[in-house]
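Descriptive structure summary
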Amino acid sequence: MSTGLLYALAGVVLFALGAAGVIVLAHLLRKILAFNVMGSGAFLVLVGLAQRTGVPDPVPQAMVLTGIVVAVAATALALGLARAWHARTGRGTLTEGEDRD
Amino acid sequence: MTEAWLDPAAWLIVLPLLWAGLAFLAGPGRGARLAIVALALQLALALKLAADLTATGARVHAVGGWGAPLGIDLMIDGLSTVLLLLTQVVAVALAVYAQGYFADAHHRREATWFWPLAGFLLAAMNALFLSADLFNLYVTLELLGLAAVGLVAVGGGTAQLAAAMRYLLVSLTASGAYLLGVALVYGAYGTVSIATLGPLVAAQLPLAVWLAAGLMLVGLMAKTALFPFHFWLPPAHGSAPAPVSALLSALVVKASFYLVLRLWLGPFASLGSTAAGLAGALGAAAILWGSWQALRAQRLKQLVAWSTVAQLGYLFLIFPLLTADGLALQAGVLQTVAHGLAKAALFAAAGVLMLATGRDTVEGLAGVAGRVPLTLFAFGLAGITIMGLPPSAGFLAKWLLIDAALESGQWGWILVIIAGGLLAAGYIFRVLRQAFLLAPEESRFHPVPRRLEWMAFVLAAASVLLGLRGAELVALLGITP
């Protein structure tokens, strides 16, 4: 197994963990962190799979850079919304009674 | 042919970015006037694009002279032009509507963020319709999602924040799945260009690409709010201010549907037949469940939002019926355009009814028939398209769909289409019946600016009259590379 494929498989595992986190975790901050883990997983797959031949490929690296910018913007919006929600309701979760986790 | 830097395709993306930025600096009053002028210009650009397309055929525009793979290609064909035209027509009418709506004292605060976000939303949407590669589509999809979430939260109320947060989480997870799909496709073929991928996928189909197709299509279906991923739509579209609901319900959900259609007809054509039955079944479930919920909804905008869930179901009925003669495809695109116009009209009318009565329940509508008759007429006209009665474009779409089902001998879908039409009649007449009741003694009506009523009417009339000009639309759609 090449190193590139190993990275890609690790990326798939990270993506699955992150996706499960976004769905299962209740606290908004945890959901947002899980989303970032998920995105990093996808980036790792993108770079890893393209490097299987041993020659670095610039196109997926450019894609990942763009993807990181998008993910930062999305995280900022999510954090802004979560803050506004907390300021209004005093809660860290969307549904009531799940604040303890 | 015009010079490269004057290409309308590129300006359809640059122009909304420009006015969005300027509207943010200029504030809501001047920002609104700027947006309306710029949107009229955008409509002219889209018409020019359509005229060029009819004259010279489909083409590719390399932005800034830098072609793929390092630069970005814009792809102009019949399907993208039809959706660009729909977007600019709905947007310009809703901008005039929004200027009047946000002049109302209760809604003035929301206008600050509405105009810049609407500009970014339209830039992302135009870019999405013109993109020719999977990764660029990911970026536009994400930008569209972020602008749409911002628009839902524009009012700043508790319900709106919760709806925006839910919408954001669904949107981010869905585009994450799409991105992983893109990564797998690039890993398998070393390209993300839709045109290049077609023959590559047809020649060789590794397991990773099956997974990629599944991830991308499920992600996009979640963004299109196809049953059972529809749960985020009614709160998000039902709680936002009326012009925002109209933009989101008429246009934004169509963008991800457009992408499903592109992938289904293009690179994933050879995989499509496996999932077609499932997509059709989910569409049928959406029609029945969405219409049922619309019949039971207590609040007017919830009713209209559930109707969107139902009408989006029709779009997915086309997949089991797609054949070489293209009937089902024409039905799908006609339904997209018809629903886009009619749903913008319904939300615009619902906004007027809520301003006039000061209440947002269906029950509170008693007596509006005498106060805002034009708006109610617009609601009824748009209802004709939603129910699918002749001569509306909705009728044409459903007729073509039934025709396609008959030709392929799949009778089951026809029952769903007819049942959906009857249920739609149920929830539209529920509103109309209530509106014609006598107003209770204590009810008060607020005056509403005339332009709000007229814009709802123009959109509704367009959705009905389009049925008479369906042939032109189908001819435009037929222009492929």
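Going by the structure above, here's the rest.
This section reports on the structure supplied with the text. (Residues numbered from 1 in each chain as written. Chains lettered and ligands numbered in written order. Predicted model: local features only at pLDDT ≥ 70, side-chain atom pairs only at ≥ 80, totals over all residues. Heavy atoms only, no water.)

1. Quick notes on the overall build of chain A
How we decide: For the purposes of this entry, the term helix denotes a DSSP run of H or I that reaches at least four residues, the term strand denotes a run of E that reaches at least two, and both are numbered from the N terminus. Only the C-alpha atoms count toward the radius of gyration. The rule for a globule is 2.2 Å times the residue count to the power 0.38. Buried, partly exposed and exposed residues are distinguished by accessible area as a fraction of the type maximum, computed with a 1.4 Å probe on protein chains only: under 20%, between the cut-offs, and over 50%, respectively. The contact definition used throughout considers only heavy atoms, calling two residues in contact when any of these lie within 4.5 Å.
Along its length, chain A carries three helices and zero strands. Along its sequence from the N terminus, chain A presents helices and strands in the succession α-α-α. Compactness check: chain A gives a C-alpha radius of gyration of 17 Å against a globular reference of 13 Å for 101 residues, more than 25% above the reference. Counting only C-alpha atoms, chain A reaches 55 × 25 × 10 Å along its principal axes. Burial status across chain A gives 41% buried among its 101 residues. Taking the contacts inside chain A whose residues are at least 6 apart along the sequence as the reference set, 61% of them involve residues at least 24 apart.

2. Structural notes on the pattern of salt bridges
Residues and elements named next belong to chain B. Basically, it comes down to this: We define a salt bridge as a contact between a side-chain nitrogen of Lys or Arg and a carboxyl oxygen of Asp or Glu at a distance within 4 Å.
According to the stated counting rule, one finds six salt bridges over all chains in the structure shown. Of the charged contacts in the structure, one is a salt bridge between D360 and R299, with a shortest N-O distance of 2.9 Å. Here D360, found in the loop between α12 (327-357) and α13 (368-371), pairs with R299, found in the loop between α10 (269-296) and α11 (300-317); they are 61 residues apart in sequence, far enough to count as distant. With a closest N to O distance of 3.3 Å, E453 and R450 form a salt bridge. Of this pair, E453 and R450 both sit in helix α17 (residues 450-465), three residues apart, which is roughly one turn of the helix. Of the residues examined, E453 reaches a relative accessible area of 3% and is grouped as buried. By relative accessible area, which is 52% here, R450 ends up exposed.

3. Remarks on the interface of chain B and chain A
Heads up, the condition is: Using a 1.4 Å probe, buried area is obtained as the accessible area two parts lose upon being combined, added over both of them. Polar contacts, as counted here, are pairs of nitrogen or oxygen atoms within 3.5 Å of one another; within protein the pair requires one atom able to donate a hydrogen and one able to accept it, and residues that are adjacent in sequence qualify only if both atoms are side-chain atoms. Amino acids are sorted into nonpolar (Ala, Val, Leu, Ile, Met, Phe, Trp, Tyr, Cys and Pro), charged (Asp, Glu, Lys and Arg) and polar (every other residue, Gly among them).
Contact residues are listed per partner, giving 29 residues for chain B and 33 residues for chain A. Between chain B and chain A, a total of about 2800 Å² is buried, with carbon and sulfur atoms accounting for 85% of that surface. Counting across the chain B and chain A interface gives three residue pairs in polar contact (both at pLDDT 80 or more). For the side of chain B that touches chain A, the secondary structure elements donating two or more residues are α4 (134-152) and α5 (158-189) of chain B. With 18 residues, α5 of chain B is the largest single contributor of residues to the side of chain B that touches chain A. Taken together, the residues of the side of chain B that touches chain A break down into 21 nonpolar, six polar and two charged.

4. Section: the packing of helix α9 (residues 242-265) of chain B against α12 of chain B
The relative placement of two packed helices comes down to the angle between their axes together with the axis-to-axis distance. Residues and elements named next belong to chain B. For the record, the criterion: For helices, the fitted axis covers only the stretch in contact; all axes are lines through C-alpha atoms, and the angles between them, taken along N-to-C directions, range from 0 to 180 degrees. Angle categories: roughly parallel below 35 degrees, roughly antiparallel above 145, roughly perpendicular from 65 to 115, and oblique for all the rest. With the far helix as reference, a near helix turned anticlockwise by less than a right angle produces a left-handed crossing, and one turned clockwise produces a right-handed crossing.
It is at 7 Å that the axes of α9 and α12 come closest, and there the two elements cross at 170°. The angle between α9 and α12 falls in the class roughly antiparallel. When you trace α9 past α12, the crossing you get is right-handed. Between α9, through A242, S245, A246, S249, A250, K254, F257, L261 and L265, and α12, the contact on the second element is made entirely by L329, V333, T336, H339, G340, K343, A344, F347 and G351.

5. Thoughts on unusual backbone geometry
Residues and elements named next belong to chain B. Along the chain, F227 connects to P228 via a cis peptide bond; the corresponding omega equals 5°. By the element assignment, P228 lies in the loop between α7 (207-223) and α8 (233-239). Cis geometry is adopted by the peptide bond preceding P391, which originates at P390 and carries an omega value of 0°. The residue P391 is located in the loop between α14 (373-387) and α15 (393-407) in this model. A positive phi angle is found at A225, which is not glycine, with a value near 60°. Along the chain, A225 turns up in the loop between α7 and α8.

6. Section: the pairing of strand β1 (residues 59-62) of chain B
For a regular strand, side chains alternate in direction, first toward one face of the sheet and then toward the other. Residues and elements named next belong to chain B. Operational definition: In this scheme, strands are said to pair when DSSP sees at least two bridges between them.
On β1, burial follows the alternation: R59 and H61 on one face are buried, whereas V60 and A62 on the facing-out side are not. Relative to strand β2 (residues 73-76), β1 is paired through four bridges, and the arrangement is antiparallel. Along β2, the bridge assignment pairs V60 with M75.

7. Comments concerning the packing of aromatic side chains
All names here are of chain B. Test applied: To pair, rings of Phe, Tyr and Trp, with the six-membered ring standing in for Trp, must have centres within 6.5 Å; the planes then decide the type, stacked if under 30 degrees apart, edge-to-face if over 60, and tilted in the middle. For a lysine, the NZ atom is tested; for an arginine, the CZ atom; a charge sits over a ring if that atom is within 6 Å of the ring centre and within 35 degrees of the ring normal.
The tally for this structure, following the rule as stated, stands at 15 aromatic pairs over all chains. Here Y97 and Y101 contribute two aromatic rings whose centre-to-centre distance is 6.0 Å and whose plane-to-plane angle is 20°, an arrangement assigned as stacked. Here Y101 and Y97 lie together in helix α2 (residues 78-101), a separation of four residues that amounts to about one turn. Look at Y97 and you get buried, because its relative accessible area is 0%. Residues Y101 and F102 carry aromatic rings whose centres are separated by 5.5 Å and whose planes lie at 85° to one another, so their mutual orientation is edge-to-face. The rings of Y97, Y101, F102, F114 and W115 are connected pair by pair, giving a single aromatic cluster. Above the face of the Y314 ring, K398 is positioned so that its terminal group lies 4.6 Å from the ring centre.

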